[in-house]
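Listed here are the chains, written in short residue letters.
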Amino acid sequence: MEKEYRQETKCIQSGWTPKRGEPRILPIVQSTTFKYDTTDEMGKLFDLEADGYFYSRVQNPTSDAVAAKIADLEGGVAAVLTSSGQAANFYAIANICEAGDHIVAASTIYGGTYNLFGVTLKKFGIDCTFVDADADEETIAAAFKSNTKVMFAETIANPALVVLDIEKFAKIAHAHQVPLIVDNTFATPINCRPFAWGADIVVHSTTKYMDGHAMQIGGAIVDSGNFEWEACGDKYHGLTQPDESYHGIIYTKKFGKKAYITKATVQLMRDLGAVPSPLNCFLLNVGLESLALRVERHCYNAGRIAEYLNRHEKVSHVNYAGLPTDKYYPLAQKYMTEGRTCGVISFELKGGREAAVRFMDSLKLAAIVTHVADARTGVLHPASHTHRQMNDQQLKEAGVSAGLIRYSVGIENVEDLLEDLAQALDKA
Ligand SMILES: *Cc1c(COP(=O)(O)O)cnc(C)c1O
């Protein structure tokens, strides 16, 4: 779009702008393939010499429109959608790292990403050093090595709810000529735009607030276009040296600011194929249309509930950066729109693990689900669910204690949620 609209408007209008006589609503292009008139025309597409769709593993019009909306919301130059948030994280790293490389990541990241970095990437020869995101610059900088290629963190960590000091991380990353990748799933671009604070690449699990209805798994990678790959010599040679699988094209030369996303699309999607279905992209787009409205309500409800829990005698501790007493309140005020964070709260009961289980089993409205950040209120016990594979030391580093409850506040009427909490806490 030519004019720079506000976020609420972009949620509705960005991505698909129909021309005369075209469908008002984003069409679901449920087709694997696209037709051409001559052999040569199709050949040029395979060589990246011409623009156009040819096979939906690489690009599809429905997917591209939704990617463009997300890029617009983040203020990036380009985006690519993936079939899950995990695929987005993997591709974001694999696009610029290979065997022998090293990454630095905040230790509080989502459990699935922690496993991906600590266990699976290791098998591919990519090592990860986890750092305490709250540590001072010097301590964090000490984790960097000559082969470090990426720094990674979450704007609001799932489920520890640590708010990232994005400027601090960006400064350290850039001092080492490394891009900062930020997972902005929990904040969403409605509450935070990491590019404005120095992040270079943003990833999302669109499964969460963006979809917002717990209907489908999905992910996105967005590039700010700001990182200077060529200024780092041959360090990011996959972007700055010829790609033999495309007759020697050089991504930075041919695609400029879109080099990173183009490579992820035409190389990683082509070879690894974690592509979302057109129908899922359509559903994601419907979710995005109400993202701004929903996020406001999620945050309002969560604020009310966090205050209630904070005053409750059976609750020992509440993590919610919207509370003025929270350790991360100042960072939330700095980085988040109107200080709003997300709809997810975590807290501990004085009775520890057993009280947590009794409480959870007594909830009537909030359901026990392996999910967060959708319209329905849900609850989970990280130590026995998402973080089950971690030992006590790893749990501690991830900011997850044995009694911690993750409560994802939906968009129901908050009075009903408060009454449900009250009766369950009575039984805890
Ligand atoms: C859920 C989540 C992921 C993983 O996304 P999937 O869509 O489940 O693959 C990654 N990062 C964060 C912060 C998440 O909340």
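Everything that follows concerns the structure shown earlier in this document.
Now for a quick tour of the structure.

About the thresholds
Residues numbered from 1 in each chain as written. Predicted model: local features only at pLDDT ≥ 70, side-chain atom pairs only at ≥ 80, totals over all residues. Heavy atoms only, no water. Axes fitted to C-alpha atoms, helices over the stretch in contact; angles between N-to-C directions. Helix = DSSP H or I, 4+ residues; strand = E, 2+ residues; numbered from the N terminus. Parallel < 35°, antiparallel > 145°, perpendicular 65-115°, else oblique. Left-handed = near helix turned anticlockwise from the far one by under 90°. Contact = heavy atoms within 4.5 Å. Nonpolar A, V, L, I, M, F, W, Y, C, P; charged D, E, K, R; others polar. Buried < 20%, exposed > 50% of the residue type's maximum accessible area, 1.4 Å probe, protein only. Pairing = 2+ DSSP bridges. Phe/Tyr/Trp six-rings, centres within 6.5 Å; stacked < 30°, edge-to-face > 60°. Disulfide = S-S within 2.5 Å. Near = heavy atom within 4 Å. Polar contact = N/O pair within 3.5 Å; in protein donor to acceptor, adjacent residues only side chain to side chain. Areas by Shrake-Rupley, 256 points an atom, 1.4 Å probe, with all protein chains shown as cover. Salt bridge = Lys/Arg side-chain N within 4 Å of Asp/Glu carboxyl O.

### Some remarks on the packing of helix α13 (residues 291-311) against helix α17 (residues 414-427)
In step 1: Relative to each other, α13 and α17 sit at 30°, their axes nearing to 10 Å. Classified by the angle between their axes, α13 and α17 sit roughly parallel to one another. Relative to α17, α13 is oriented so that their crossing is right-handed. In this structure, α13 contributes Tyr300, Asn301, Arg304, Ile305, Tyr308 and Leu309 to the contact, and α17 contributes Val414, Glu415, Leu417, Leu418, Leu421, Ala422 and Leu425.
In step 2: Tallied by class, residues from the contact of α13 with α17 come to ten nonpolar, one polar and two charged.

### Description of the side chain of Ser14
In step 1: Of note, Ser14 is situated in the loop between α1 (7-13) and α2 (39-46).
In step 2: Relative accessible area serves as the criterion here: at 4%, Ser14 is assigned to the buried category.

### Here we look at unusual backbone geometry
In step 1: Across the junction of Asn158 and Pro159, the peptide omega takes the value 5°, indicating a cis bond.
In step 2: When you line up the elements, Pro159 lands in the loop between β4 (148-154) and α7 (166-175).
In step 3: One non-glycine residue, Thr188, lies in the positive phi region at around 60°.
In step 4: Non-glycine residue Ala373 carries a positive phi angle of around 65°.
In step 5: Tracing the chain through its elements places Ala373 in the loop between β10 (367-368) and β11 (378-380).
In step 6: On the basis of relative accessibility, which here comes to 0%, the residue Ala373 falls in the buried class.

### Concerning the sheet that holds strand β7 (residues 219-223)
In step 1: Taking strand neighbours across the sheet as the criterion, the seven strands line up as β1-β7-β6-β5-β4-β2-β3 in an open arrangement whose pairing is mixed. Lying at the two open borders of the sheet, with one neighbouring strand each, are β1 (78-82) and β3 (127-131). In this sheet, adjacent strand axes meet at a mean angle of 20° when their direction is disregarded.
In step 2: As paired strands, β1 and β7 are joined by five bridges and run antiparallel to one another. Counterpart to Val80 in the pairing with β7 is Ile221.

### Section: the sheet that holds strand β8 (residues 315-319)
In step 1: Taken together, five strands build an open sheet; the order of strands is β8-β9-β12-β11-β10 and the sheet is mixed. A strand with exactly one partner marks an edge of an open sheet, and here the two such strands are β8 and β10.
In step 2: Where strand β9 (residues 344-349) meets strand β12 (residues 404-408), five bridges bridge the pair, whose relative direction is antiparallel. Paired with Ser346 across the strands is Arg406, a residue of β12.
In step 3: Across the sheet, α13 touches β8, β9 and β12, and the angle it forms with β9 is around 10°.
In step 4: Relative to β9, helix α15 (residues 352-362) is tilted by about 125°, and along the sheet it contacts β9, β10, β11 and β12.

### Here we look at the packing of aromatic side chains
In step 1: All told, the structure shown has 14 aromatic pairs when counted by the stated rule.
In step 2: A ring pair is formed by Phe90 and Phe124, whose centres lie 5.9 Å apart and whose planes are at 65°; its orientation type is edge-to-face. Here Phe90, found in helix α4 (residues 85-94), pairs with Phe124, found in the loop between α5 (111-123) and β3; they are 34 residues apart in sequence, far enough to count as distant.
In step 3: Under the relative-accessibility criterion, Phe90 is labelled buried at 19%.
In step 4: For Phe124, a relative accessible area of 45% puts it in the partly exposed group.

### Some words on the state of the cysteines
By definition, a disulfide links the sulfur atoms of two cysteines through a covalent bond.
In step 1: Summed over all chains, the structure comprises zero disulfides.
In step 2: Looking at the unpaired Cys128, the closest cysteine sulfur is the one in Cys97, lying at 10.0 Å.
In step 3: The structure places no disulfide on Cys299, whose sulfur is separated from the nearest cysteine sulfur, that of Cys342, by 6.6 Å.
In step 4: Residue classification places Cys299 among the buried positions, given a relative accessible area of 7%.

### Some details on the site of the ligand
In step 1: Taken together, 16 residues surround the ligand, and among them Gly85, Asp183, Ser205, Thr207 and Lys208 come closest.
In step 2: Between the ligand and Gln86, the relevant distance is 2.9 Å, taken from an oxygen atom to a main-chain nitrogen or oxygen of the residue.
In step 3: One nitrogen or oxygen atom from the side chain of Asn158 is found 2.9 Å from an oxygen atom belonging to the ligand.
In step 4: Its free accessible area being 380 Å², the ligand has 93% of it covered by the protein chains.
In step 5: No other element matches α4, which puts three residues into the shell around the ligand.
In step 6: Split into classes, the residues belonging to the shell around the ligand amount to three nonpolar, ten polar and three charged.

### Concerning the pattern of salt bridges
In step 1: In the structure shown here, the tally under the stated rule is 13 salt bridges.
In step 2: Between Lys44 and Asp40 there is a salt bridge whose closest N-O contact spans 2.8 Å. Here Asp40 and Lys44 lie together in helix α2, a separation of four residues that amounts to about one turn.
In step 3: Across the pair Asp374 and Arg376 runs a salt bridge, and its minimum N-O distance is 3.3 Å.
In step 4: For Asp374, a relative accessible area of 5% puts it in the buried group.

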